[in-house]
Amino acid sequence: MKTEKTTKPQSGYTMLIVFLMLLATTLATIIKLELYPLIIAIPFILAILPGFFIVNPNGSKVLVLFGAYKGTVKDNGFFWANPFYTKTRISLRARNFDSDKVKVNDKIGNPILINVILVWKVKDTYKAAFEVDHYEEFVRVQTDAAVRKLAGSYPYDNFDDEQAEVTLRSGMHEVNEALEQEITERLAIAGIEVTEARIGYLAYAPEIAGSMLKRQQAVAIVAARKKIVEGAVGMVEDALTRLSEDEIIEFDEHQKASMVSNLMVVLCGDKEATPVINTGTLHN
């Protein structure tokens, strides 16, 4: 595959001197009303003038002569080249691309909204100019395709797929690396270098966002309850052990069950317990 070929054309200042000399000659002949030197000078002036061009920092000019690629000028400065060259400007600066939020399905079919932030620049001007049409549009379309493929490769979270070690929400480092590699491979044909690619926005689609929020809240409540129960069991066990070891009171199995039940209600309840004073005996 053909790649970029850098070239350095003639300095524009030398040809500028020639151009000014011809222009001065032309003006002198106009003043003297000499026709024949004027006829010779004007075509030279018109031929030399289109050859001048400027290359700014982090810029380039792709030179083409009648359909044949002649090279790329990346040096900064003022130059002159064959006036018949077609000179196409391609910027070498880094650019940001913040994609639109797209609705896609994750690995388990949940609709999500996702977008990507991409930092890229042209590395090979030949590929950018001739391997694809409109390389900037190519970047946009291929980035969108890469995001859709990535979203379908991972679940949003591991609520429905507990075996998933990497998810879009929790495994951002691994997911961003996979995204960057995927986009790099897709844009290589256009001579594009990917500096950074990362997910900029990630959320459930509006039609399921409410349900998913309730599910997340339910999971959080269950996890909190589990911790409360674990702590309550430990406290009840410690209380029974201390009472038995210190011989404060002897409980039969029925009394232990009643005490455990009461303590668990007090420790695990959402509201404060209302004490009830027992005026009888513990055996009632």
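Residues numbered from 1 in each chain as written. Predicted model: local features only at pLDDT ≥ 70, side-chain atom pairs only at ≥ 80, totals over all residues. Heavy atoms only, no water.

Turning our eyes to something else, we now look at the overall build of the protein. Scanning the protein for helices and strands turns up 7 helices and 10 strands. Partitioning the contacts of the protein with sequence separation of at least 6, the portion at a separation of at least 24 is 67%. If you sum the accessible surface of the protein, you get close to 18,100 Å²; carbon and sulfur atoms cover 57% of it. (Helix = DSSP H or I, 4+ residues; strand = E, 2+ residues; numbered from the N terminus. Contact = heavy atoms within 4.5 Å. Areas by Shrake-Rupley, 256 points an atom, 1.4 Å probe, with all protein chains shown as cover.)

In the predicted model, the protein carries a mean pLDDT of 78, and 68% of its residues have values of at least 70. Per-element mean pLDDT across the protein ranges from 64 in helix α2 (residues 35-48) up to 93 in helix α3 (residues 125-130). (pLDDT = per-residue confidence, 0-100.)

Read across the open sheet, the 3 strands follow the order β4-β3-β6; overall the sheet is antiparallel. In this open sheet, the two strands that pair with only one neighbour each are β4 (68-73) and β6 (86-91). Averaged over all neighbouring strand pairs, the angle between strand axes comes to 25°, with direction disregarded. (Pairing = 2+ DSSP bridges. Axes fitted to C-alpha atoms, helices over the stretch in contact; angles between N-to-C directions.)

Moving on to the sheet that holds strand β2 (residues 52-55). Taken in spatial order, the 3 strands make up an open sheet running β1-β5-β2, and their pairing is antiparallel. The outermost strands of the open sheet, each flanked by one partner alone, are β1 (10-11) and β2. Of the strand pairs in this sheet, β2 and strand β5 (residues 77-80) are connected by 4 bridges, and their pairing is antiparallel. Looking at β5, one finds that F52 is bridged to W80.

The next subject is the packing of helix α4 (residues 135-151) against helix α5 (residues 172-187). Taken N-terminus to C-terminus, the directions of α4 and α5 make an angle of 140°; their axes are 9 Å apart at the nearest point. In terms of axis orientation, α4 runs oblique to α5. The handedness of the crossing between α4 and α5 comes out as right-handed. In this structure, α4 contributes F138, V139, Q142, T143, A145, A146, V147, K149 and L150 to the contact, and α5 contributes V175, A178, L179, E182, I183, R186 and L187. When grouped by side-chain class, the residues that make up the contact of α4 with α5 number 11 nonpolar, 2 polar and 3 charged. (Parallel < 35°, antiparallel > 145°, perpendicular 65-115°, else oblique. Left-handed = near helix turned anticlockwise from the far one by under 90°. Nonpolar A, V, L, I, M, F, W, Y, C, P; charged D, E, K, R; others polar.)

Here Y201 is to be found in strand β10 (residues 192-204). Here the alpha-carbon distance between Y201 and K101, two residues 100 residues apart in the chain, equals 7.5 Å. Setting aside anything within four residues of it in sequence, one finds Y201 in contact with K101, L113, I114 and N115.

A rise of 1.5 Å per residue sets the reference length of α5, with its 16 residues, at 22 Å; its end C-alpha atoms lie 22 Å apart and thus fit the reference within 8%. Taken together, the buried positions of α5 are V175, N176, L179, E182, I183 and L187. Buried positions in α5, seen along its axis, are confined to an arc of 130° and lie on one side of it. Those residues of α5 that are exposed and angled more than 90 degrees off the buried face are H173, Q181 and E185. On its buried face, α5 sits against β9 (111-122), α4 and β10. (Expected span 1.5 Å × (residues − 1). Buried < 20%, exposed > 50% of the residue type's maximum accessible area, 1.4 Å probe, protein only. Arc of directions from axis to C-beta.)

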